[in-house]
Amino acid sequence: IGKEKNMVVPKGDVVWKDMGIPGVEAAQVTGDMTKGPSRFFLKYPVGFVTPAHHHTTDHYVTVVSGSLTLTVDGKETKLEPGSFFALTNKAVHVAKVEGDAPAVMFIQADGPWDVVMEK
């Protein structure tokens, strides 16, 4: 990641794939989410609430559309399109989609993407 050739990816060329959780989809843009650093879109459906979880890799997120409430360290923050957050050092978090539209995020992950549920 970071050494890609110039890229232009129109919205119509973004390929969404089911992530195995009803309504949750991802669209990879660069890299391989399963093997190393990557950039991808992640979509959560209306009303979706994640269980408390963390990701092994540090990642950086921009909310593209929809809105969600992110809870980190016991603090809830409402995030509208254009909002940014970084979750590092396996930060435990919960995300809840607010309103009547899916939430779409653009994520840069520094390593393989995983989801580790809290006990």
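Here the structure is shown first, and the text comes after it.
Heads up: these notes are all about the structure in this document.

Overview of the overall build of the protein
Thinking step 1. Counting secondary structure elements, the protein contains zero helices and 11 strands.
Thinking step 2. N-terminal to C-terminal, the α/β element order of the protein is β-β-β-β-β-β-β-β-β-β-β.
Thinking step 3. Here the protein holds 119 residues, and 36% of them are scored as buried.
Thinking step 4. Looking at the protein alone, contacts between residues at least 24 apart form 65% of all its contacts between residues at least 6 apart.
Thinking step 5. Surface summary for the protein: the accessible area is close to 7,100 Å², and the carbon and sulfur share equals 55%.

Some words on unusual backbone geometry
Thinking step 1. Notably, D73 is not glycine yet its phi reads approximately 55°, a positive angle.
Thinking step 2. Looking at the secondary structure, you find D73 in the loop between β6 (67–72) and β7 (75–79).
Thinking step 3. Phi angles above zero are rare outside glycine, and K90 is one such case at about 60°.
Thinking step 4. With respect to the helices and strands, K90 occurs in the loop between β8 (84–87) and β9 (93–98).

Side note on the sheet that holds strand β3 (residues 38–44)
Thinking step 1. One open sheet accounts for six strands, arranged β1-β2-β3-β10-β5-β8; its pairing is antiparallel. The strands lining the two open edges of the sheet, one partner per strand, are β1 (17–18) and β8.
Thinking step 2. Sheet topology places strand β2 (residues 25–31) next to β3; six bridges connect them, and they run antiparallel. Bridging from a neighbouring strand, E25 pairs with K43 of β3.

Quick look at the packing of aromatic side chains
Thinking step 1. Enumeration according to the criterion identifies four aromatic pairs in this entry.
Thinking step 2. Ring centres of W16 and F41 lie 6.1 Å apart, and the angle between their planes is 50°; this geometry places the pair in the tilted category. Here F41 lies in strand β3 and W16 lies in the segment before β1, a separation of 25 residues in the sequence.
Thinking step 3. Both rings, one in F41 and one in F106, keep their centres 4.9 Å apart while their planes meet at 65°; by these two values the pair is edge-to-face. Of the two residues, F41 sits in strand β3 while F106 sits in strand β10 (residues 103–109), which places them 65 residues apart along the sequence.
Thinking step 4. In textbook terms, an aromatic cluster arises when at least three aromatic residues are bridged by ring pairs, as seen for W16, F41 and F106.
Thinking step 5. The ring of W16 is capped by K43, whose NZ or CZ atom sits 4.2 Å from the centre of that ring.

Conventions we followed
One numbering rule holds for all chains: residues counted from 1, following each sequence as written. Confidence filtering applies because this is a predicted model: local features only for residues at pLDDT of at least 70, side-chain atom pairs given and counted only at 80 or more, and all residues used for totals across whole chains, interfaces and linings. Water and hydrogen atoms play no part in the side-chain values, which are based on all heavy atoms of the structure. Each helix is a run of H or I in the DSSP string that is no shorter than four residues. Each strand is a run of E no shorter than two, and both are numbered from the N terminus. The buried label applies to any residue whose accessible area, calculated with a 1.4 Å probe on protein chains only, is under 20% of its type's maximum; exposed applies above 50%, and partly exposed to all values in between. Contact between two residues is taken to exist if any of their heavy atoms lie within 4.5 Å; hydrogens are not considered. Note on areas: Shrake-Rupley, 1.4 Å probe, and residue coverage restricted to the protein chains presented here. DSSP calls a pair of strands paired once it identifies at least 2 bridges connecting them. Two rings from Phe, Tyr or Trp (for Trp, the six-membered ring) form a pair when their centres sit within 6.5 Å of each other. Planes less than 30 degrees apart are called stacked, planes more than 60 degrees apart edge-to-face, and all others tilted. When the NZ atom of lysine or the CZ atom of arginine is within 6 Å of a ring's centre and also within 35 degrees of its normal, the charge is said to sit over that ring.

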